[in-house]
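Fold and geometry: a report
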Amino acid sequence: MITASTGARITPAATPDWRQLWRESVTDAHELLGLLGLGHLGDRLPADDAGFALRVPRGFVARMEPGNPADPLLLQVLPQLAELDAPPGYVMDPVGDMNARAAQGVLHKYDGRALLVASGSCAINCRYCFRRHFPYGDEMAAAGQWRKALEHVAEDPSIRELILSGGDPLALSTTKLEELTAGLTRLPHVIRLRIHTRLPVVLPERIDDAFHAWFASVPLQKVVVLHANHAQELDDDVAAACARLREAGATVLNQSVLLRGVNDDAATLHALSERLFSMGVLPYYLHQLDRVQGSAHFEVDDARALGLIEDLRATLPGFLVPRLVREVAGDTSKRPV
Ligand SMILES: *Cc1c(COP(=O)(O)O)cnc(C)c1O
Ligand code: SF4
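Residues numbered from 1 in each chain as written. Chains lettered and ligands numbered in written order. Predicted model: local features only at pLDDT ≥ 70, side-chain atom pairs only at ≥ 80, totals over all residues. Heavy atoms only, no water.

**Some points on the nonpolar core**
- If you look at the biggest cluster of nonpolar residues, it comprises 80 residues, and the most contacted ones within it are Leu32, Val56, Met64 and Trp146.
- Mapped onto the domain boundaries, this core takes at least three residues apiece from domain 1 (18-84) and domain 2 (98-336).
- With 12 residues, the next largest nonpolar core counts Leu286, Val300, Leu308 and Leu316 among its residues. (Core = buried A, V, L, I, M, F, W, Y, C linked by side-chain atoms within 4.5 Å. Buried < 20%, exposed > 50% of the residue type's maximum accessible area, 1.4 Å probe, protein only. Domains from an automatic or database assignment.)

**Notes on the packing of aromatic side chains**
- Inspection of every chain in the model, using the stated rule, returns 7 aromatic pairs.
- Centre to centre, the rings of Phe211 and Trp214 are 5.4 Å apart; their planes meet at 65°, and the pair counts as edge-to-face. On the criterion of helical spacing, the pair formed by Phe211 and Trp214 is a turn pair, its members being 3 residues apart in helix H8 (residues 209-217).
- Relative accessible area serves as the criterion here: at 4%, Trp214 is assigned to the buried category. (Phe/Tyr/Trp six-rings, centres within 6.5 Å; stacked < 30°, edge-to-face > 60°. Helix = DSSP H or I, 4+ residues; strand = E, 2+ residues; numbered from the N terminus.)

**Notes on the site of ligand 1**
- All residues adjacent to ligand 1 are Leu107, Lys109, Tyr110, Arg113, Leu115, Ile163, Arg194, Tyr284, Tyr285, Glu327 and Lys334.
- In the model, an oxygen atom of ligand 1 is placed 2.7 Å from a nitrogen or oxygen of the Tyr284 side chain.
- Between ligand 1 and Lys334, the relevant distance is 2.9 Å, taken from an oxygen atom to a side-chain nitrogen or oxygen of the residue.
- In isolation ligand 1 offers 390 Å² of accessible surface; the protein chains occlude 93% of this area.
- In terms of residue count, strand S2 (residues 106-110) provides more of the shell around ligand 1 than any other element does, 3 residues in total.
- Residue classes in the shell around ligand 1 are distributed as 6 nonpolar, no polar and 5 charged. (Near = heavy atom within 4 Å. Polar contact = N/O pair within 3.5 Å; in protein donor to acceptor, adjacent residues only side chain to side chain. Areas by Shrake-Rupley, 256 points an atom, 1.4 Å probe, with all protein chains shown as cover. Nonpolar A, V, L, I, M, F, W, Y, C, P; charged D, E, K, R; others polar.)

**Structural notes on the domain arrangement of the protein chain**
- Structurally, the protein chain comprises domain 1 (18-84) and domain 2 (98-336).
- Its C-alpha centre places domain 1 at a distance of 23 Å from the equivalent point of domain 2.
- Each partner contributes residues to the interface: domain 1 has 28 residues there, and domain 2 has 33 residues.
- Interface of domain 1 and domain 2: buried area, both sides summed, is about 2500 Å²; carbon and sulfur atoms make up 60% of it.
- One can count 2 salt bridges joining domain 1 with domain 2.
- Taking the shortest distance from any N to any O, the salt bridge between Arg127 and Glu83 comes out at 2.9 Å.
- Our enumeration of links across domain 1 and domain 2 arrives at 14 residue pairs in polar contact (both at pLDDT 80 or more).
- For the side of domain 1 that touches domain 2, the secondary-structure elements that each account for two or more residues are helix H1 (18-23) and helix H4 (72-77).
- Tallying contributions element by element places H4 first for the side of domain 1 that touches domain 2, with 5 residues.
- A per-class count over the side of domain 1 that touches domain 2 returns 19 nonpolar, 3 polar and 6 charged. (Contact = heavy atoms within 4.5 Å. Buried area = accessible area lost by both parts, 1.4 Å probe. Salt bridge = Lys/Arg side-chain N within 4 Å of Asp/Glu carboxyl O.)

**Quick look at H8**
- Taken as a whole, H8 has its buried residues at Phe211, His212, Trp214 and Phe215. What you see down the axis of H8 is that its buried residues fit within an arc of 165°, all on one side.
- Looking at the buried side of H8, the elements it contacts are helix H6 (174-184), strand S5 (192-197), strand S6 (221-227), helix H9 (236-247) and strand S7 (250-257). (Arc of directions from axis to C-beta.)

Structure below.
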C-alpha cells in the first residue's frame, strides 16, 4: 500500500514476517499432538525426538487434520519409535555426499551442474531426510560471502547451472542471496540458477516483497524445484507463493519422496499432480527414499513403486507423471527405477 502524501510503503499489519513465523514454529512433540487433539499418543514418542529435533511451522500444522494420527502431514514430522530401528543397509550418508565435495559447500557430481549446500537450516524437519545426519557445521557455501563456492564455479567453465540446495537455501536472508547473485553475474558461463526449496510449501510467507524483488531482478534462467509430498500441503497461500515465483520469471517444478503411509497410493499421487498443475507447477521427480538411518519405516519397495507409476500413466497426461528415480552414490545422474 502506498500512501498518497508521503509515498512511504506501509506493511499491512496482517502480513507477518516470515522469520517471526519461523521462530514461532512448534518444536515440542507433545505440544504438536495436543494441538491436534492427539495428546493421548504422547507415551509413544521416542526419547529426545530420536536424535533429530521436531520442527514444524504453525501454518503447516493448520493443514493437518485434527484427531487423525495417520495424517499424511503429521507423519512427515512426528518423531516415531520406529526411527530407533537400525536395519542393515541404512546408513548415515547414503548418497555419497561426503565424497562429492568439490569445495566448501559445493557438491559437483553431475556434468554441467554444481550444487551448493547453501544453508544447514530448514523451516521444517522431515523425518525421512538425509539431513538428519549431515555434518553441516563446516560445509556451508554461504560462508565468507560465498567466496570458496564462487571460486570453484569461476574456475570451471563447464558449470552452466548453479543449484542452491541445503538444508533449505531460502532459510538464508534475502540479503545473503543477493550477495551470491552479485558474484554470479561476473561468471558468464553460468546461464541458469536453480533453487531447491521446501519453504514456499511449509512457510509460503517466505516469498515476500523483498524476495520477489531480488528474484525478479536475477538476470539468469530461473528454476525453482519445490518439495511437496501430498496435495494437502498445498493450500491457497502456497498457490499464491508459486504464482509470485512464476511471475518473477521462474519455471516451477516439484519433487516428492515416495513415503509409505504418506503418499504411497495412486489416488494420492494423482491428486498431488493435479493440484500442482492447478498452481502452474509441473511434477519432476518422485524419489525412492535415500536409505538413511532412521527412515526404514517409510520405504516402499521398487515393485510397488513401479506399479504406482503405471497407475499414474494410465490415468494422467504424460506431463503429470513424475520420473521415478533413486540417487546412487557414484552415478552420473539420478538413476531411473
Ligand atoms: C540431484 C542433484 C543434482 C540435480 O540433478 P538433476 O537430475 O539435474 O535434477 C545436481 N547435483 C547434485 C549433487 C545432486 O544431488
Ligand atoms: S532438506 Fe528438505 S526434506 Fe530435508 S528436512 Fe529440509 S526441507 Fe525436509
